[in-house]
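Architecture at a glance
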Amino acid sequence: MTGLSLLKRHLAGSLLAASLALGAFVLPARALTFDEVGKVVQLLTELEPELGRLAYDEEEADQWFEDDAGLEGRIAKAGFSRETWKQALDATFRGYLATIATERFEATFSGLTERVDASDLNDEQKAEMRSFVETKIAETRALRAEGEKYVDAVQPYAVRLNELLGDQEE
């Protein structure tokens, strides 16, 4: 692996943690109910000891569904199909991002481009990495904006979701 790809991987991991994990797919908008969020939060709580901390993206949602199916199948028993699980988890995650105070949310991006500039990369590599970081930041801001429509359903669970999905360094 090249130095640039290692740095990209490291910064992607930093962005993932800093932005409270990244969701990278878009599903059709649909209503998210308070009960669905409650089921998602309960399942995340129950499955975390066995499956680890959720670092949300589409692949992780699929992996959790698959891994849980090999255990007790709690996701399916809660009434979710693979697709409805992905939809509910996605909407819950986006809604959670929207519940985070703006100052705290924006602070997660602090220093990321400065770390690129301070790296040992050449100017061309730094420009590529800066672009990568800026793209990921913009994507995360878009997820947060999309989550506004789910805030009412997610807000009662925001504290617990922060424990389950939030930045562990808090």
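Below, the structure is looked at part by part. (Residues numbered from 1 in each chain as written. Predicted model: local features only at pLDDT ≥ 70, side-chain atom pairs only at ≥ 80, totals over all residues. Heavy atoms only, no water.)

**Some points on the packing of helix α2 (residues 34-51) against helix α10 (residues 158-165)**
One way to put it is that α2 packs onto α10 with a least axis distance of 10 Å and a crossing angle of 35°. Crossing handedness for the pair α2 and α10: left-handed. Residue-level inspection shows Val41, Leu44, Thr45 and Glu48 of α2 in contact with α10, the latter providing Arg160, Leu161 and Leu164. Of the residues that constitute the contact of α2 with α10, the class distribution is four nonpolar, one polar and two charged. (Axes fitted to C-alpha atoms, helices over the stretch in contact; angles between N-to-C directions. Helix = DSSP H or I, 4+ residues; strand = E, 2+ residues; numbered from the N terminus. Left-handed = near helix turned anticlockwise from the far one by under 90°. Contact = heavy atoms within 4.5 Å. Nonpolar A, V, L, I, M, F, W, Y, C, P; charged D, E, K, R; others polar.)

**Topic: the pattern of salt bridges**
In the structure shown here, the tally under the stated rule is ten salt bridges. With a closest N to O distance of 2.6 Å, Arg74 and Glu50 form a salt bridge. Placement of Arg74 in helix α4 (residues 74-77) and of Glu50 in helix α2 is noted, with a sequence separation of 24 residues between them. Given the relative accessible area of 14%, Arg74 is considered buried. We classify Glu50 as partly exposed; its relative accessible area is 41%. A salt bridge links Asp62 to Lys86, with the shortest nitrogen-to-oxygen separation between them at 3.7 Å. Residue Asp62 is located in helix α3 (residues 58-69), and its partner Lys86 is located in helix α5 (residues 82-99); the two are separated by 24 residues in the primary sequence. Bridged by salt links that share partners, the residues Asp62, Arg82, Glu83 and Lys86 form one connected network. (Salt bridge = Lys/Arg side-chain N within 4 Å of Asp/Glu carboxyl O. Buried < 20%, exposed > 50% of the residue type's maximum accessible area, 1.4 Å probe, protein only.)

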